Each structure stands twice: as structure tokens, then as C-alpha cells.
Amino acid sequence: MKLKVGSKEKERKFLQHLNKYFEDPASILPDCMDKGFLCPFESYRKKIDATGNYEKYSRSADQFLSALGETKKIIESDSAPILGFITTPYGNVEYAKRGNADPAVLAGLQHYDNEIWRMLAFSSLAKSKKARVYSSRNFYLASCKNSGPGIEFFQDVFEEHGIQHSVSDGIIEIGDSGKSMVVTHFSGQAVRIYENSQGSTLHILIRHFLTKDYYSDFSISSDYLEDFVKTVPEDATASYFNGKIDDRQMIKKIARHRIDEAVGQGMYVIGDMCYTDSDEFISQFTDDAISPELLRDPVEEYGKGIYLETGSTRKLLEILWQKSGDRIIKKMFPDMDDGKIKSLKGSPMDRIESARKLYNSDEIESSFDVEPWSKNAQYLVDLLKKYHKEGKDNAIREGERMLTNSPIVKAIYYGFLESVGETENKEWMFTPNEIDLGTKMKDLIRELLTNVSEVNEKIVNLKSYIP
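In this text the structure is predicted, and so the values were computed from the model without any measurement.

A.B. asks: Looking at this structure, how should I read the sheet that holds strand E5 (residues 132-135)?
C.D. replies: Sheet strands pair via backbone hydrogen bonds, and the direction of the pair is either parallel or antiparallel. The 4 strands lie next to each other as E2-E6-E5-E11, forming an open sheet whose pairing is mixed. Whereas interior strands pair on both sides, the edge strands pair on one side only; in this sheet they are strand E2 (31-32) and strand E11 (209-210). Looking at chain direction, E5 and E11 are connected through 2 bridges and run antiparallel. Residue pairing in the sheet places Val133 in a bridge with Leu210 of E11.

Okay, here's the thing in C-alpha cells:
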């Protein structure tokens, strides 16, 4: 609490404000939904209606009545030179003091016409008897028997603050995409908040609730990985209640917390899915670059849980690579020399692709046991190797680069172009005789391009065309 001396003009206006309250002192009382015997709000109403002699309450043990009497004394003295300031969950609020009443209760009563601060008049009642007050621009309700304000109250608050929302099966929904969490009032009213929400919904909402313990009245849950981890981080919850983080940040912190918990327990998480079985986890990776079967031992030997945003084989390999990378390549290419494996550079997928090219190149090289019988035949062998190692386009370019003036070499190249369907706009390079000879060889060349394992056996069929 802070005190200061106000100006005479400010003092005059404040006294006028308090005088107006006593024209209808019952206006400070909310409508209790649980009216009946022993209802404190109804008891206050009777006492206010029964007498205008409120000064007698100034020494009451009941803080509301004490504040009522003390405020009446201020008016009767026609003086309020000392003003106090207190910090509340609803903001800083000013009040006049002349006695021992609770400052928060005084501030609430003296701001009877403010939809938020008026609730403070019952802050002592909320602490001692667990009463609750709900206040918005169109509702002023109370409960002394654990009643909630109803869905219309929640909607009124959201409409007042410009929060777009909808209702589905009795649940209020804010936002419509991404992960979500559910804020549930003890009365059962639930608010589902999605990740694309732009505000801090709970912090705004609780400004309209007076209760002994907000943490008991509101709970937070999320269906993200809920079958495996149900907890919500306590530090994030406190920050969210206090408005230090918004809806989106809170949802992200819940997700991060549950991911960390699941991974810490040795589970595997891909996006919104969690797996406790390594085989089930591995089956989610279907990249043609590597068989899921090859991932089983590295995943199990990793010894910890794993989190991936998506089922990316590339990302999984990056996690596993330091411990198991060389062994993965060795399993994929059993005959590859260890020195070559160590020499591979780049990302895991780059290394696998480089290993595949080296392995294929070695395999192709070993498939060509045939000894070229002439320089012309050597051109054919080099062209076939280039095709099997690096593909059609590189073979076409390399074949043209290696061309000589030999009519036989040029006929071989034309036959190759015909066999891969790429003669268009290239006929000008060849004479009619070269085209004729190449056309005769194209079917035999196509067979050599189709299956590298048959090259040694079938290349001899071209000896009759290639001296």
C-alpha cells in the first residue's frame, strides 16, 4: 500500500463519487446464484436495507461492513485528504482510508461502479468463506456454494474484449488450427484454445473472476501426447496465469514439456504421434534411400528417446549418425572398403549417396571383364560404363566429347543415341553410312544398357559391326 496527499479538487470529486454510492448502497452487491439461508451476500443486503446508520459498522470484524462504515465516516467528515494505492491482480487502484478496514475491500467498495474493481469489496469474504464473484459488463453474479457463472458469462467477457470465439457441444473454442489446450473452470465450463489464438485468454478471463485461488478454480489440459504424458509445466502455468506468456506460447511450452518427458522416458515422437516400440517407430520411415530394417539396430543402440517434427529419414540419420553412421553404410554396402567409408563427406544422406555411387561404380567396373578388341570397341566400353555409372545424360555428353573421326565410333554413338531415343536434332552429325550402321547396332546396344550383368556375355555380338 502507498499513501499520498491528493489535491483539493481531486478530494472534492472523490467525495462526490462516494456520496453517489450511498444513494443506492446495495448496488455494490452482486446477484448471488445460491440465495438462501446463511448466504453472506443476502445477509449484507438485509443489513444495508435495514438501516442508514452505516458508521456503526466501521469497527465490525466483517471487513465488508467495516469498509462500508469507514467510507460513510469519510463522507460525514467531508474530508479525504489521504489516498492510498494498492496493487491488485486487476491493476493499481486508489482508495480513501480512515480506519482499519482492509484496503482491498475499501478500494472495491469505493469503486462500486467499476465492473472489475467492485469485486474487491468481497475479497475478504472470498478468502474466509470461499465465496466467488463474477463481473462483466452485462453480468454481476456471486456464489456462496460453488456455482459457476454459466457459458453466457464467459461469452460476455470474450465479446467485451473482442476475442473471436465459437461454441461446439458446449465447449467455447478460440482459434481453429494447430495444437490446442483446454482451460476448464471448476464448474465444468471448458474453453478450447488453439495455437493460432492471438491473445492471453486465461489472463483476460480471470480479471473478471474473484476467488480465493485461481489455480484451484481453473485447470489446464491438452490432448497433445496425453496418452503418454499428462502433466503441464508448473512454471509455464504460473506465467500464463499472470499474463507473462500468451496462449500460443503456453501451448508450445506444454508440447515441449511433454516431448521432453516422453523422450526422457525413452519414447519416440514424430509430430503429434508417440511410439513406445522401436519397430513401430522405424516403420514410419519409408525413404527409398535406406531400408527401415537398417535403422533398427542404430535406433535401439542410440539408447535414448528421439523427437522429430516429421518422419524425415534425413533428420533421423543426423541424430543416429555420430554413433552408427559408418556401420549403416557398411550394412548397405558390405564390400565397400573401410577407407572409402571414412573418406565420405557431407550430410548422412550425402554420404549414403556418395557411397552408393562408389559402390555402383565398383560393381559396374567389375562387371566389365571384357577386354576391348580395338580402339573402336574401347569407345563402346567407355560409353557403356559412363551410362551405367552416371546415367543417360552424362553418357550422351561424354559420348559426344570422346567422338573421333572414325566412322565406326560415330556409328556406335548414333546407335547409342537411337537406343535411348535421343537422335532428334543430332542427325546432322552423321553421314548416311554412319546412320545406317548405327541403326543396325541399336538393338544390341540397348540390350547392353538394360542389364549390366549381361555386358560381358553380349558385347561380343557387336564384333561383326565393330572391327
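A.B. asks: Hey, could you run me through empty space enclosed by the protein in this one?
C.D. replies: Where empty space is left can be seen by rolling a probe of water-molecule size over the atoms. Applying the stated criterion across every chain yields a total of 1 cavity of 30 Å³ or more. The computed volume of the largest cavity comes to approximately 40 Å³. Forming the walls of the largest cavity are Leu294, Asp297, Pro298, Glu301, Arg327, Ile328 and Lys331. Among the elements of the structure, helix H12 (296-302) and helix H13 (313-332) are those that each provide at least two residues to the lining of the largest cavity.

A.B. asks: Quick question: what am I supposed to make of the sheet that holds strand E10 (residues 190-194) here?
C.D. replies: On the basis of which strands lie adjacent, the open sheet formed by 5 strands has the order E7-E8-E10-E9-E12 and mixed pairing. Looking at the sheet topology across the chains shown, the edges are occupied by strand E7 (166-168) and strand E12 (218-221). Strand-to-strand, the axes of this sheet are offset by a mean angle of 25°, without reference to chain direction. Summarising the sheet, strand E9 (residues 180-185) and E10 pair through 5 bridges and their orientation is antiparallel. Its bridge partner lying in E10, Thr184 is registered against Ala190. Contacts from helix H9 (residues 234-241) reach E9, E10 and E12 within the one sheet, and its direction differs from that of E12 by about 125°. Its contacts with the sheet place helix H10 (residues 247-264) against E9, E10 and E12, and it is angled at close to 105° to E9.

A.B. asks: In this structure, what is going on with the packing of aromatic side chains? I would like to understand it.
C.D. replies: Geometrically, a pair of aromatic rings is defined through the distance of the ring centres and the angle of the planes. Under the counting rule described, the total for this entry stands at 22 aromatic pairs. For the pair Phe209 and Phe218, a centre-to-centre distance of 5.1 Å together with 75° between the ring planes defines the contact as edge-to-face. Neither residue differs from the other here; Phe209 and Phe218 are each classed as buried. For the pair Tyr413 and Phe416, a centre-to-centre distance of 6.5 Å together with 20° between the ring planes defines the contact as stacked. Of the two residues, Tyr413 and Phe416 are both situated in helix H18 (residues 407-419); the distance of 3 residues between them amounts to about one turn of the helix. Among the residues examined, Tyr413 registers a relative accessible area of 0% and is labelled buried.

A.B. asks: Quick question: what am I supposed to make of the pairing of E5 here?
C.D. replies: A regular strand places its side chains on the two faces of the sheet in alternate fashion. Where burial is concerned, the two faces of E5 agree: the one with Arg132 and Tyr134 and the one with Val133 and Ser135 are both buried. In terms of strand pairing, E5 meets strand E6 (residues 140-143) through 4 bridges, oriented antiparallel. Counted as the bridge partner of Tyr134 is Leu141 from E6. In this structure, the hairpin formed by E5 and E6 is closed by a connection of 4 residues.

A.B. asks: For this particular structure, what's the right way to read the state of the cysteines?
C.D. replies: Disulfides are covalent bonds that connect the sulfur atoms of two cysteines. Here the structure, examined in full by the defined rule, presents 0 disulfides. Lacking any disulfide linkage, Cys39 is separated from the closest cysteine sulfur, that of Cys32, by 3.5 Å. A residue is classified by how much of its surface remains accessible, and Cys39, at 3% relative accessible area, is buried.

A.B. asks: Would you mind showing me how to read the nonpolar core here?
C.D. replies: Generally speaking, a soluble globular protein has its nonpolar side chains buried in company with each other. Ile28, Phe41, Phe64, Phe122, Ile220, Tyr240 and Met250 are the most contacted members of the largest nonpolar core, which totals 74 residues. Ranked by residues supplied to this core, first place goes to helix H3 (residues 63-77) with 6 residues. Excluding residues within four positions of it along the chain, Phe41 makes contact with Leu29, Pro30, Cys32, Phe122, Leu125, Ala131, Arg132, Val133, Ala142 and Ser143.

A.B. asks: What is the right way to look at helix H19 (residues 432-450) in this model?
C.D. replies: Every α-helix carries 3.6 residues per turn, so stepping three or four residues along brings you back to the same face. With 19 residues, H19 should reach 27 Å at 1.5 Å per residue; the first-to-last C-alpha distance of 27 Å fits that figure. At Lys442, H19 is deflected by roughly 45°, the largest bend along its length. Those residues of H19 that sit buried are Glu434, Leu437, Gly438, Met441, Ile445, Leu448 and Leu449. Those residues of H19 that are buried are in contact with helix H16 (375-390), H18 and helix H20 (455-458).

The rules behind these values
Residues numbered from 1 in each chain as written. Predicted model: local features only at pLDDT ≥ 70, side-chain atom pairs only at ≥ 80, totals over all residues. Heavy atoms only, no water. Pairing = 2+ DSSP bridges. Helix = DSSP H or I, 4+ residues; strand = E, 2+ residues; numbered from the N terminus. 1 Å grid on protein atoms, 1.4 Å probe; cavity = no way out; pocket = protein on both sides within 12 Å on 5 of 7 lines; lining within 4 Å. Points joined across faces, edges and corners; volume = space filled by probe spheres on them. Axes fitted to C-alpha atoms, helices over the stretch in contact; angles between N-to-C directions. Contact = heavy atoms within 4.5 Å. Phe/Tyr/Trp six-rings, centres within 6.5 Å; stacked < 30°, edge-to-face > 60°. Buried < 20%, exposed > 50% of the residue type's maximum accessible area, 1.4 Å probe, protein only. Disulfide = S-S within 2.5 Å. Core = buried A, V, L, I, M, F, W, Y, C linked by side-chain atoms within 4.5 Å. Expected span 1.5 Å × (residues − 1). Bend = angle between axes of the 7 residues up to and from the residue.

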